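A look at the structure
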Amino acid sequence: GPGNTPGDGPGPGAWGWQSCTETLHGFSARRLRSYSFDFNASAKQCGGIYGAGVVPDMSAIARRFGGYALADGTSGATRLIWSQGTLDPWHGWFRGVARPPAASDVHHIVMVGAAHHLDLRAPNAADPPDVVRGRHAEMEIIERWIHEASQAPPSAAASTPPLDAARTATMLVIT
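Our subject in this report is the structure included herewith. (Residues numbered from 1 in each chain as written. Predicted model: local features only at pLDDT ≥ 70, side-chain atom pairs only at ≥ 80, totals over all residues. Heavy atoms only, no water.)

**What to know about the environment of D72**
Along the polypeptide, D72 turns up in helix 5 (residues 69-72). Accessibility expressed as a relative area gives 16% for D72, which makes it buried. D72 sits 24 residues away from G96 along the chain, and the two C-alpha atoms are 9.5 Å apart. One polar contact links D72 to T74, side chain to side chain, over a distance of 2.5 Å. (Helix = DSSP H or I, 4+ residues; strand = E, 2+ residues; numbered from the N terminus. Buried < 20%, exposed > 50% of the residue type's maximum accessible area, 1.4 Å probe, protein only. Polar contact = N/O pair within 3.5 Å; in protein donor to acceptor, adjacent residues only side chain to side chain.)

**As for the packing of aromatic side chains**
Following the criterion strictly, the structure yields one aromatic pair and no others. Measuring from centroid to centroid gives 4.9 Å for W17 and Y50, while their planes differ by 80 degrees, and the two rings are edge-to-face. Note that W17 is positioned in helix 1 (residues 14-23) and Y50 in helix 3 (residues 39-50), a separation of 33 residues in sequence. (Phe/Tyr/Trp six-rings, centres within 6.5 Å; stacked < 30°, edge-to-face > 60°.)

**Looking at helix 6 (residues 129-150)**
End to end, helix 6 covers 31 Å across 22 residues, agreeing with the expected 32 Å (1.5 Å per residue, within 8%). If you check which residues of helix 6 are buried, you get D130, V131, G134, R135, H136, A137, E138, I141, E143 and W145. Looking at the residues trailing helix 6, positive phi occurs at Q151, about 60 degrees. (Expected span 1.5 Å × (residues − 1).)

**As for the state of the cysteines**
Enumeration according to the criterion identifies one disulfide in this entry. Paired through a disulfide, C20 and C46 show a sulfur-sulfur distance of 2.1 Å. For the disulfide bridge between C20 and C46, the dihedral angle about the S-S bond is near -90 degrees, and by the sign convention the bridge is left-handed. Of this pair, C20 sits in helix 1 while C46 sits in helix 3; the two residues are 26 residues apart in sequence, bridging distant segments of the chain. In this structure C20 comes out as buried when scored by relative accessible area, which is 0%. Under the relative-accessibility criterion, C46 is labelled buried at 0%. (Disulfide = S-S within 2.5 Å.)

**A look at the side chain of H107**
Structurally, the position occupied by H107 is in strand 2 (residues 106-111). Residue classification places H107 among the buried residues on the basis of a relative accessible area of 3%. Within polar-contact distance, the side chain of H107 engages the side chain of D105 at 2.7 Å.

**Considering unusual backbone geometry**
Not every positive phi belongs to a glycine, and R79 is a case in point at roughly 60 degrees. Looking at the element boundaries, R79 is found in the loop between helix 5 and strand 1 (80-85). Notably, D105 is not glycine yet its phi reads approximately 55 degrees, a positive angle. By the element assignment, D105 lies in the loop between strand 1 and strand 2. A relative accessible area of 11% places D105 in the buried class.

So this is what it looks like as structure tokens:
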């Protein structure tokens, strides 16, 4: 990102506003990527774009949504899917996170050979097998959630072949 920030960082767009108000973080600079992080430089950049009253709050997300508690299922939030590819520099961030309780319906899907958000893009013949399986798992989980919420019968998509259990064990950590 610009200057010393991850991703798009502070800027005039929607992500830039989020960076300047709630999603700016320095953790990936030290642990996951090779660059230095300077909060004061980022705050100055945000102030220059949005005015002196806009100062990054690096704890906003954790305070509002529970931080790592979202991933380990202890925040009280339910029905979450955390998907990531092994080509993402931050793909292993949850390795130290406790396994979520089954009742939390929090799922971790790791896709070997995939990059950031590949599973959320339109299918492509070149998609790695884990992305295809990951999309299928996400679809099954979300359809179940919709079915549970609506008490309607699941769609025909639920009749697709189930994930191979042996392969799933290496690709998915679904709790």
